[in-house]
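Notes for the structure review
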Amino acid sequence: MDRHWISFTTDYGLEDGFVAACHGVIARLAPEARVIDVTHLVPPGDVARGAHVLAQTVPSLPRGVHLAVVDPGVGTERRPIAIEAAGGGFLVGPDNGLLVPAAEALGGIRRAVHLTDGAWFAPVVSRTFHGRDIFAPVAARLAQGADLASAGSAVADLVRLPPPQLRRLPDGVTAEVLTVDRFGNLQLAAPADAVPGPGAVTVEGRPATAGGTFGDAAPGGLVVFTDSAGHLAVAVNGGSAASLLGTRAGDLVTIRTGHDADRVRE
Amino acid sequence: MDRHWISFTTDYGLEDGFVAACHGVIARLAPEARVIDVTHLVPPGDVARGAHVLAQTVPSLPRGVHLAVVDPGVGTERRPIAIEAAGGGFLVGPDNGLLVPAAEALGGIRRAVHLTDGAWFAPVVSRTFHGRDIFAPVAARLAQGADLASAGSAVADLVRLPPPQLRRLPDGVTAEVLTVDRFGNLQLAAPADAVPGPGAVTVEGRPATAGGTFGDAAPGGLVVFTDSAGHLAVAVNGGSAASLLGTRAGDLVTIRTGHDADRVRE
Amino acid sequence: MDRHWISFTTDYGLEDGFVAACHGVIARLAPEARVIDVTHLVPPGDVARGAHVLAQTVPSLPRGVHLAVVDPGVGTERRPIAIEAAGGGFLVGPDNGLLVPAAEALGGIRRAVHLTDGAWFAPVVSRTFHGRDIFAPVAARLAQGADLASAGSAVADLVRLPPPQLRRLPDGVTAEVLTVDRFGNLQLAAPADAVPGPGAVTVEGRPATAGGTFGDAAPGGLVVFTDSAGHLAVAVNGGSAASLLGTRAGDLVTIRTGHDADRVRE
């Protein structure tokens, strides 16, 4: 690497100076590094949301270091970790499940290290801001080419998030909503082929079109499509599926083809 | 250009990874490029708002490539385009009117190209995320010095937004609100000289001061002024004109001098 | 300095192009400069909030120029200033108290200059956007190594914010809330030793734990701790202290040890 990229994902929000403090720490330790902010608007403490956003974004990011901090257990016994991905790149953050889906999107886990060597951290480590005092310094040192093996001891028992719910039906699928994006589109924990298309389907009993993009439904109509991350997804053309269906991340959504869909259309 | 600047305007919001995915695509294709985010908080699908914000900001940006994606028609027949501005610089985005005002702010359109050469795009193009798969790659390649003429075929019939409403009155002006900014200031589709100042005027029948800056009115008072983009504008000193007047973008506002203003003052 | 860092703090919000216009001005005048955005979500005109966020973030930022604009008096008689900090680095912005706490965090004020030399500004200076037309150009020129002494005349009577309230009690402290962060944590205008810990205390008469981090209280419980900026602070483990206590910046909060705390616990 002749140029060093760090991506940065947190629940720190944008109204305080927390994100900038971490940028500052990186700038001091790795002035040549370039930082891409993924998002800092993960709802406070929502580890699953942070994990999903990061996992879906990393395939588009340059190879480098992915710093992520959604850390309701900061200052407690939860371990600070760094993961080297099998497909290249590093992930740095708390051991609470946040990093694992992104590591899997990068080819799986080559090795994981419990960060214990204080020489990698800030000279003084606060109890409540490990992003600034532990994780950003470690990310900066990795971007500078430091050897992860020297940062601590190997970990084999990483904390993982519970797998999202997915149940195949004879005529469709019931799947958990992984994320709801700004447009109110629902991304489901189901692969694109869980519902065959194109054609008429139902979403939660409402008529919908299995298509390719929003405009395949009439304005205000429901569309079932494969989203840009390869997941089955539900949208409203020119509107919000989340609002129309009253659905949030973690809810279950059922999509059916065949009888029900035809009956609705009569 | 020994240094390459890309500006970036969308309605993607900041809570998902969409903006970062585009940054990542640019970083991979044009690692030396520097990106300036204009805004990603254009209301979803609000092409006019995106167009106005970009047009008012480009005069302050370095010459380079302006990537803008507010694209409710993504994946439909609407054309992906790039424009070379007569005054220098490129604009990349959907052909829905979004880019034209900024092109005019950069001296007009030298040429416009319908982006049809798939070699400029991502290897696989999704139906719903052309920002990542078409527009960011094209912006990155232009920043790298690629020849726009090779990206597709010339376009002469660009889609344009309807012109905003503006009617001169004997004693003032009725003009459409182009944008409302964070402070609740109303920017009108009228030039600075549409209302002569300084002095007493009325805004929607309410007494106001035609002045130079917010402090020219008493606290809580209405000010009519020339904003930093050269437009006639309405503000409240220490408050929000949008809230006081109940006005939003697209509404009409009437400003009068003379009798009415004097009558109000009596 | 072989590399030039500029931090940037405003109340401009993120939905308009104001922040990008300033980035653009810096890019044109100082193309090698690197900008770290601190926050642009200071509530409109809230000088104290901007001052506190910047002062707490600068210790983590690289040495350089700190550009800050929260400027309800833009275009009036208030002076544009730049400060050279005794510990290194510059601050640029309006003379309304915004910059002084950050200067003190950087070792105090070595010199302050009233910016009067128009050659440092944009060719045309608007009345309402001094961030773009005065402050960003000055920050860029300082980052390029220009001599602050040539920008104007020395100032000795800087405007300062009123000191926050702090009263020591026999068994605790009553202190003003300096800031409330995204998580609802209350940062008090009191040093860490104003309440001895660890142990049982009361916050506004409610039982709380003086501890080191959020997890030292039960879920939903109040914690009194030393925050990452060295201030006494109040949080709720997994919740918002601001919501629980109905407290905002500027309010007073009383923390007591001893009898009261024990009585509450009975």
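Everything discussed here concerns the structure shown above.
Notes on the structure in this doc start here. (Residues numbered from 1 in each chain as written. Chains lettered and ligands numbered in written order. Predicted model: local features only at pLDDT ≥ 70, side-chain atom pairs only at ≥ 80, totals over all residues. Heavy atoms only, no water.)

1. Concerning the overall build of chain A
- In terms of helices and strands, chain A carries 6 helices and 15 strands.
- Considering only contacts in chain A between residues 6 or more positions apart, those separated by 24 or more positions represent 65%.
- Accessible surface, chain A as shown: approximately 10,200 Å² in total, 51% of it carbon and sulfur.
- Within chain A, one finds 21 positive and 27 negative side-chain charges whose respective centroids are separated by 2 Å. (Helix = DSSP H or I, 4+ residues; strand = E, 2+ residues; numbered from the N terminus. Contact = heavy atoms within 4.5 Å. Areas by Shrake-Rupley, 256 points an atom, 1.4 Å probe, with all protein chains shown as cover. Lys, Arg positive; Asp, Glu negative; His and termini not counted. Charge placed at Lys NZ, Arg CZ, Asp CG, Glu CD.)

2. Some remarks on the interface of chain A and chain C
- The interface of chain A with chain C comprises 32 residues on the first partner and 30 residues on the second.
- For the chain A and chain C pair, buried surface summed over both sides reaches about 2,400 Å², with 54% attributable to carbon and sulfur atoms.
- On inspection of chain A and its partner chain C, the count reaches 2 salt bridges.
- For Arg49 of chain C, the salt bridge goes to Asp16 of chain A, with nearest N and O atoms at 2.7 Å.
- At the junction of chain A with chain C, the criterion picks out 14 residue pairs in polar contact (both at pLDDT 80 or more).
- Class assignment of the residues belonging to the side of chain A that touches chain C gives a composition of 15 nonpolar, 9 polar and 8 charged. (Buried area = accessible area lost by both parts, 1.4 Å probe. Salt bridge = Lys/Arg side-chain N within 4 Å of Asp/Glu carboxyl O. Polar contact = N/O pair within 3.5 Å; in protein donor to acceptor, adjacent residues only side chain to side chain. Nonpolar A, V, L, I, M, F, W, Y, C, P; charged D, E, K, R; others polar.)

3. Digging into the side chain of Ser7 of chain A
All names here are of chain A.
- For Ser7, the position within the fold is in strand β1 (residues 5-10).
- The exposure class of Ser7 is buried, given its relative accessible area of 3%.
- Here His66 takes part through its side chain, which lies 2.8 Å from a polar atom of the side chain of Ser7.
- The contact partners of Ser7, leaving out residues within four places of it in the chain, are Ile36, Val38, Leu54, Leu61, Val65, His66 and Leu67. (Buried < 20%, exposed > 50% of the residue type's maximum accessible area, 1.4 Å probe, protein only.)

4. Quick word on the relation of the copies chain A and chain C
- Once turned by 120° and shifted 0.0 Å along the axis, chain A lies on chain C with an RMSD of 0.0 Å. Look at the turn and shift together and you get a three-fold axis relating the two.
- When you check the interface residues of chain A against chain C, a mere 9% turn up at the interface there too, and the two sides of the contact use different surfaces. (Least-squares fit on C-alpha atoms with pLDDT ≥ 70 in both.)

5. Quick look at the sheet that holds strand β2 (residues 34-39) of chain A
- Spatially, the 7 strands line up as an open sheet ordered β2-β1-β3-β5-β4-β6-β7 (chain A), and their pairing is mixed. Every other strand in the sheet has two partners, leaving β2 and β7 (152-154) of chain A as the edge strands with one partner each. With direction set aside, neighbouring strand axes in the sheet form an average angle of 25°.
- Both strand β6 (residues 109-115) of chain A and β7 of chain A contribute to a ladder of 3 bridges, which runs antiparallel. The partner of Val113 of chain A across the bridge, within β7 of chain A, is Ala154 of chain A.
- Against the sheet, helix α4 (residues 130-143) of chain A touches β1, β3 (65-69), β4 (80-85), β5 (90-94) and β6 of chain A, its axis set at about 175° to β3 of chain A.
- Contacts from helix α1 (residues 18-29) of chain B reach β1 and β2 of chain A, with the element oriented near 155° to β2 of chain A. (Pairing = 2+ DSSP bridges. Axes fitted to C-alpha atoms, helices over the stretch in contact; angles between N-to-C directions.)

6. So, α4 of chain A
Residue and element names in this part refer to chain A.
- End to end, α4 covers 18 Å across 14 residues, agreeing with the expected 20 Å (1.5 Å per residue, within 8%).
- Roughly 30° is the biggest bend found in α4, and it falls at Ala136, with proline Pro137 one to four residues downstream.
- α4 sits mainly inside the fold: 13 of its 14 residues count as buried.
- The first or second residue beyond α4 is Gly145, which carries a positive phi of 100°. (Expected span 1.5 Å × (residues − 1). Bend = angle between axes of the 7 residues up to and from the residue.)

7. Some thoughts on the pairing of strand β12 (residues 206-210) of chain B
All names here are of chain B.
- For strand β11 (residues 199-203) and β12, the ladder comprises 5 bridges, and the chain directions are antiparallel. Paired with Ala200 across the bridge in β12 is Thr209.
- Taken together, β11 and the strand that follows it, β12, pair antiparallel across an intervening segment of 2 residues, in which Glu204 is found at a positive phi of about 55°.
- Pairing between β12 and strand β13 (residues 222-226): 3 bridges, direction parallel. Within the sheet, the bridge partner assigned to Ala208 lies in β13 and is Leu222.

8. Notes on the sheet that holds strand β6 (residues 109-115) of chain B
- The 7 strands lie next to each other as β2-β1-β3-β5-β4-β6-β7 (chain B), forming an open sheet whose pairing is mixed. Of all strands in the sheet, those bounded by a partner on one side alone are β2 (34-39) and β7 (152-154) of chain B. Direction aside, neighbouring strands of the sheet carry axes that sit 25° apart on average.
- In the sheet, strand β4 (residues 80-85) of chain B pairs with strand β5 (residues 90-94) of chain B via 5 bridges, with the strands oriented antiparallel. Residue pairing across strands places Pro80 of chain B opposite Pro94 of chain B, the latter belonging to β5 of chain B.
- Seen against the sheet, helix α2 (residues 47-57) of chain B touches β1 (5-10), β2, β3 (65-69) and β5 of chain B and runs at an angle of roughly 130° to β2 of chain B.
- In this fold helix α1 (residues 18-29) of chain C packs onto β1 and β2 of chain B, with an angle of close to 155° to the strand it touches most, β2 of chain B.

9. Some words on the environment of Thr57 of chain A
- Relative to the helices and strands, Thr57 of chain A resides in helix α2 (residues 47-57).
- It is 9.8 Å that separates the C-alpha atoms of Thr57 of chain A and Ser7 of chain A, two residues lying 50 residues apart in sequence.
- With residues up to four places along the chain from it excluded, the contact list for Thr57 of chain A reads Val38 of chain A together with Gly17, Ala20 and Ala21 of chain B.

10. Details of α2 of chain B
- With respect to burial, α2 of chain B is a largely interior element, 9 of its 11 residues being buried.
- If you check which residues of α2 of chain B are buried, you get Val47, Arg49, Gly50, Ala51, His52, Val53, Leu54, Ala55 and Thr57 of chain B.

11. Focus on the pairing of β2 of chain A
Residues and elements named next belong to chain A.
- Note that β1 and β2 share 5 bridges and pair parallel. When the sheet's bridge partners are listed, Ile6 is paired in β2 with Val35.
- Handedness of the β-α-β unit built from β1, helix α1 (residues 18-29) and β2 comes out right-handed. (Right-handed = clockwise from strand over helix to strand, strands pointing away.)

12. Some details on the interface of chain A and chain B
- Contacts between chain A and chain B engage 30 residues on the former and 32 residues on the latter.
- Between chain A and chain B lies a buried interface of about 2,300 Å² when both sides are counted; carbon and sulfur atoms form 54% of it.
- Of all residues in chain A, the largest losses of buried area upon contact with chain B belong to Ser60, Arg182 and Ser228 of chain A, amounting jointly to 29% of the total for that side.
- The interface formed by chain A and chain B contains 2 salt bridges.
- On the surface where chain A and chain B come into contact, there are 14 residue pairs in polar contact (both at pLDDT 80 or more).

13. Remarks on the relation of the copies chain A and chain B
- Its rotation angle being 120°, the transformation that places chain A on chain B also includes 0.0 Å of axial translation and leaves an RMSD of 0.0 Å.
- Mapped onto chain B, only 10% of the interface residues of chain A are again interface residues, and the two copies thus contact each other with different surfaces.

14. Brief notes about the packing of α1 of chain C against helix α4 (residues 130-143) of chain C
All names here are of chain C.
- At their nearest, the axes of α1 and α4 sit 9 Å apart, and the two run at 40° to each other. Accordingly, the angle class assigned to the pair α1 and α4 is oblique. The crossing of α1 and α4 is right-handed. Residues Ala21, Cys22, Val25, Ile26 and Leu29 of α1 touch α4, and the partners they reach there are Gly131, Arg132, Ala136, Pro137, Ala140 and Arg141. (Parallel < 35°, antiparallel > 145°, perpendicular 65-115°, else oblique. Left-handed = near helix turned anticlockwise from the far one by under 90°.)

15. Side note on unusual backbone geometry
All names here are of chain A.
- At Glu204, a residue that is not glycine, the phi angle is positive and equals roughly 55°.
- As for its placement among the helices and strands, Glu204 is situated in the loop between β11 (199-203) and β12 (206-210).
- On the accessibility criterion, Glu204 (40% relative accessible area) is partly exposed.

16. A few points about the side chain of Asp71 of chain B
Residue and element names in this part refer to chain B.
- Mapped onto the fold, Asp71 is located in the loop between β3 and β4.
- Reaching out from Asp71, the side chain makes a polar contact with the side chain of Arg78 at a distance of 2.6 Å.
- The contact partners of Asp71, leaving out residues within four places of it in the chain, are Asp11, Arg78, Pro94, Asn96 and Phe135.

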